[in-house]
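Geometric and topological summary
Residues per chain are reported as follows:
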Amino acid sequence: MKINITIFLIFIITFTSAFINRLQNRQPHYLKLVIPKGWPKPTRNIFAANPLTEEGFQLGRKLFYDVRLSKDGSIACASCHQQFAAFTSFDHDFSHGFNNSFTTRNAPALLNLAWMPALHWDGGINHIEVQPLAPLTAPNEMAETLENVLKKIGADANYKKLFKAAFGNSAINSQRMLKALAQFTGSIQSYNTRYDKVKRGEATFTVSEQYGYKVFKANCNACHTEPLFTDNSFRNNGLTLHPTLMDLGRMKVTGELADSLKFKVPTLRNIALTAPYMHDGRLYTLSQVVEHYRDKINNNQPTIDSLLKNKIAISNQQKVDLLSFLYTLTDEEMLHNKRYSAPAENADILPQHVH
Amino acid sequence: MKFLLSVIVPLLLLLNINATCQIKGGLQAPIKFGTATIIFNNTVNKLPLVLNDSTYSNPFGEQYRLSKFKYYISGIRLLNSQKKWMLKPGYYLVNQSIDSSLKINIALQENSYDSIAFLLGVDSARNTSGAQKGALDPLNDMFWTWQSGYIMQKLEGTSPQSSIVNNKIEYHIGGYMGTNSVLQQLVLPFPSNSPVLIQRGSNCIININADVNCFWSGVVDISIKENPVCSAPGKLAKQLAVNFSNLFSVTSVINN
């Protein structure tokens, strides 16, 4: 009898502890950022205080595609950062904001942000988690208050479930919302372009692309450094000051005259899809961009980049080859990756139209 | 069934009691801490600051009213000649509009202290670490959205001497980088012969006075007429911050 009781007790204890364990084990599913072979390590781990999980990613994805984040419910993050345009505003120099307003800079591509130490053309944003605060509250973008956004998503029972899945309980606050958005945007990665496949030995360049790659390495790689195709520095590339926007770029952030007219070097990944080009979208084609560098640089500016003082000598043939190469930087897998696209359950809260 | 229950229930209770004992055991460590309450008295010319009501006159005879008066305090430490007592890293937003924010309760090791030190503002690491919560939640309207970083001190109101629309005055003082850093480390001595005595079970009250009028001329003269607005890091913000650090003094210590 005593032995029976003992066995039974052991059984009960085992069962109970297994049950408790199961309750406690409703942990999120951890994900890892892909660091492609041969790439530098991200300058800092943007997920160090924000563990990347499937649940957090999915919550961020839903928020990214939710128009309720804007004042009049017409604009989502995805309105100006469209997947098919490498998360830029397709064919727009400036994006549309609240009440027929325009932004004052060209929407940058969202990709490989884990390798980007500062965000925005002037580097004014120092961490991916606080980036959404800018478009959310800017009167010419989503024009909403953080308080109202939290109220609106807090009234949605579905969000409570998603916050619970991502963070352990259903509390909704600004920190969690921003961390979830960072998990989504920070996970948008491009490393499967034809260029990448050539580098991995899975594809080959055409003759023109191969020549173009040589031209690129000789003339562009110093700033648009492989494999990210940006060195994340701020430089004056010889555009004249916009007469009405009077955008001084990096100087706005540092207050230093030496930073006048400097803007962040953008990545060239998916460059074929991110027209128009430059911080104010003033150049509409890649051909115009090359023309700028070989002919139109305004090198009378004191802060002109030393590499561009004498413009870049590129022949017509080299230009054709360079353009061929730039087209190999299109990442079809990123552009069509379903994990980055609007979640199906967002059908009623998606942006209603593309401007 | 009854038999089973009669076995399981006591067993579970036993486990439960064990757990409770462990927790109690942890709490039975000898307490060597007392408490102190730091009270921030925001004043103008020795009178309590009243928002949206009283009109004040700065050292240049310029009149002003305030509608907002907020500032960050962090890294509070109490010091004496033998040792300093660093508190757990904590960030506090002193907001004249919220009474409860004017008092900070802290636990301190038993000892005698002769000065208090704190950082006026939010350290640079916390300015660059992404989304924060509590006193540092961007909901508190003390975070720049277009250029990441905390507004360390915020004064808003009106003045007839301001040429800005609606005679506004608006000083948002921030910046954590390099020469533009507005961070100020303050050490405020307690009145002589009046150290803070922390004993087990006692609560000491430390009254800190912040005289708003020092803002205009504490170190650098800054008139409303010439500078009614500061809304970005830079030279002006830095000068205003230096003035701001001059607001503070300990007026009294009450050992209970």
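Conventions adopted
Residues numbered from 1 in each chain as written. Chains lettered and ligands numbered in written order. Predicted model: local features only at pLDDT ≥ 70, side-chain atom pairs only at ≥ 80, totals over all residues. Heavy atoms only, no water. Helix = DSSP H or I, 4+ residues; strand = E, 2+ residues; numbered from the N terminus. Buried < 20%, exposed > 50% of the residue type's maximum accessible area, 1.4 Å probe, protein only. Contact = heavy atoms within 4.5 Å. Areas by Shrake-Rupley, 256 points an atom, 1.4 Å probe, with all protein chains shown as cover. Lys, Arg positive; Asp, Glu negative; His and termini not counted. Charge placed at Lys NZ, Arg CZ, Asp CG, Glu CD. Phe/Tyr/Trp six-rings, centres within 6.5 Å; stacked < 30°, edge-to-face > 60°. Lys NZ or Arg CZ within 6 Å of the ring centre and 35° of its normal. Arc of directions from axis to C-beta. Polar contact = N/O pair within 3.5 Å; in protein donor to acceptor, adjacent residues only side chain to side chain. 1 Å grid on protein atoms, 1.4 Å probe; cavity = no way out; pocket = protein on both sides within 12 Å on 5 of 7 lines; lining within 4 Å. Points joined across faces, edges and corners; volume = space filled by probe spheres on them. Nonpolar A, V, L, I, M, F, W, Y, C, P; charged D, E, K, R; others polar. Pairing = 2+ DSSP bridges. Salt bridge = Lys/Arg side-chain N within 4 Å of Asp/Glu carboxyl O. Core = buried A, V, L, I, M, F, W, Y, C linked by side-chain atoms within 4.5 Å.

In this section: the overall build of chain A. On a plain count of helices and strands, chain A comes out with 13 helices and four strands. Projected onto its principal axes, the C-alpha coordinates of chain A cover approximately 95 × 50 × 40 Å. Buried positions account for 53% of the 355 residues belonging to chain A. Restricting to contacts in chain A with at least 6 residues of sequence separation, those with at least 24 account for 68%. Summed over its atoms, the accessible surface of chain A is roughly 17300 Å², and 58% of this surface lies on carbon and sulfur atoms. Where the 39 positive side-chain charges of chain A centre and where its 30 negative ones centre are 7 Å apart.

This structure, assessed with the given rule, holds 36 aromatic pairs over all chains. With a centroid separation of 5.0 Å and 55° between ring planes, the pair formed by Tyr64 of chain B and Trp216 of chain B is classed as tilted. You can see Tyr64 of chain B sitting in strand E4 (residues 63-79) and its partner Trp216 of chain B sitting in helix H3 (residues 214-217), a full 152 residues away along the chain. Taken individually, Tyr64 of chain B and Trp216 of chain B each receive the classification buried, so the pair is uniform in this respect. These aromatic residues form a ring-pair network of at least three members: Phe40, Tyr56, Tyr64, Phe69, Tyr71, Phe118, Tyr171, Phe215, Trp216, Phe244 and Phe248 of chain B. In this arrangement the basic side chain of Arg339 of chain A is found over the ring face of Phe57 of chain A, its NZ or CZ atom lying 4.4 Å from the centre.

This brings us to helix H6 (residues 157-167) of chain A. Residue and element names in this part refer to chain A. Three or more residues of H6 are buried, namely Tyr159, Leu162, Phe163 and Ala166. Buried positions in H6, seen along its axis, are confined to an arc of 100° and lie on one side of it. Seen from the buried face of H6, the exposed residues on the opposite side, beyond 90 degrees, are Ala157 and Lys161. Buried residues along H6 sit against helix H2 (54-64), helix H5 (146-154) and helix H7 (174-185). The N-terminus of H6 is capped by Asp156, whose side-chain oxygen sits 2.8 Å from the backbone nitrogen of Asn158. Gly168 sits one or two residues past H6 and shows a positive phi near 95°.

Moving on: H2 of chain A. Residues and elements named next belong to chain A. When you tally the buried positions in H2, you get nine out of eleven residues, the bulk of the element. Among the residues of H2, Glu55, Gly56, Phe57, Leu59, Gly60, Arg61, Lys62, Leu63 and Phe64 are the ones counted as buried. Structurally, H2 contributes buried residues whose contacts are with helix H3 (77-80), H5, H6 and H7.

Quick look at the layout of surface pockets now. Computed from the structure, the second largest pocket encloses a volume of approximately 470 Å³. For the second largest pocket, the lining is made up of 19 residues, of which Thr137 of chain A together with Pro138, Leu139, Asp141 and Phe143 of chain B are closest to its centre. Of all the secondary-structure elements, those providing two or more residues to the lining of the second largest pocket are helix H4 (133-137) and H5 of chain A together with strand E10 (151-158) of chain B. Along the lines of polarity and charge, the residues of the lining of the second largest pocket split into eight nonpolar, five polar and six charged.

Attention now goes to the environment of Pro89 of chain B. All names here are of chain B. With respect to the helices and strands, Pro89 occurs in the loop between strand E5 (84-86) and strand E6 (91-95). Among the residues examined, Pro89 registers a relative accessible area of 71% and is labelled exposed. Linking Pro89 and Ser74, residues 15 residues apart in sequence, is a C-alpha distance of 7.2 Å.

What follows is about unusual backbone geometry. A cis geometry characterises the amide bond from Glu226 of chain A onward to Pro227 of chain A, with omega recorded as -5°. Mapped onto the elements of the fold, Pro227 of chain A is located in the loop between helix H9 (207-219) and strand E3 (234-235). With phi around 60°, Lys311 of chain A is a residue other than glycine that occupies positive phi space. Inspection of the secondary structure assignment puts Lys311 of chain A in the loop between helix H11 (286-296) and helix H12 (316-327). Positive phi, close to 75°, is recorded for Lys46 of chain B, a residue that is not glycine.

All names here are of chain B. The element strand E1 (residues 33-44) is extensively covered by neighbouring structure, given that nine of its twelve residues are classed as buried. Across seven bridges, E1 lies against strand E7 (residues 103-109) in antiparallel orientation. Looking at E7, one finds that Thr37 is bridged to Asn105. Pairing analysis gives nine bridges linking E1 to strand E14 (residues 203-211), with the strands arranged parallel. Along E14, the bridge assignment pairs Asn41 with Asn209. Strand direction decides the pairing type here: E1 and strand E2 (residues 47-48), joined by two bridges, are antiparallel. Looking at E2, one finds that Val44 is bridged to Leu47. Taking the residues that link successive antiparallel strands as the turn, the E1-E2 hairpin has two residues, and the phi of Asn45 there is positive, at about 45°.

Turning our eyes to something else, we now look at the pattern of salt bridges. Opposite charge on two side chains permits pairing when their charged atoms draw close. All names here are of chain A. Summed over the entire model, instances satisfying the criterion amount to 21 salt bridges over all chains. Asp247 serves as the salt-bridge partner of Arg105, at 2.7 Å between the closest nitrogen and oxygen. Separated by 142 residues along the polypeptide, Arg105 in the loop between strand E2 (101-102) and H4 and Asp247 in the loop between E3 and helix H10 (251-254) bring together distant segments of the chain. Relative accessible area serves as the criterion here: at 17%, Arg105 is assigned to the buried category. A relative accessible area of 12% means that Asp247 is categorised as buried.

Let's shift gears to the nonpolar core. With 115 residues, the main nonpolar core has Met177 of chain A together with Phe118 and Phe248 of chain B as its most contacted residues. In terms of residue count, E4 of chain B provides more of this core than any other element does, eight residues in total. Sequence-distant contacts of Phe118 of chain B, that is, excluding residues within four places in its chain, are made with Phe40, Ile73, Ser74, Gly75, Ile76, Arg77, Gln184, Gln185, Leu186, Leu188, Ile208 and Phe248 of chain B. Counting residues in hydrophobic clusters, the runner-up holds 28 residues, among them Tyr213, Val289, Leu322 and Leu329 of chain A.

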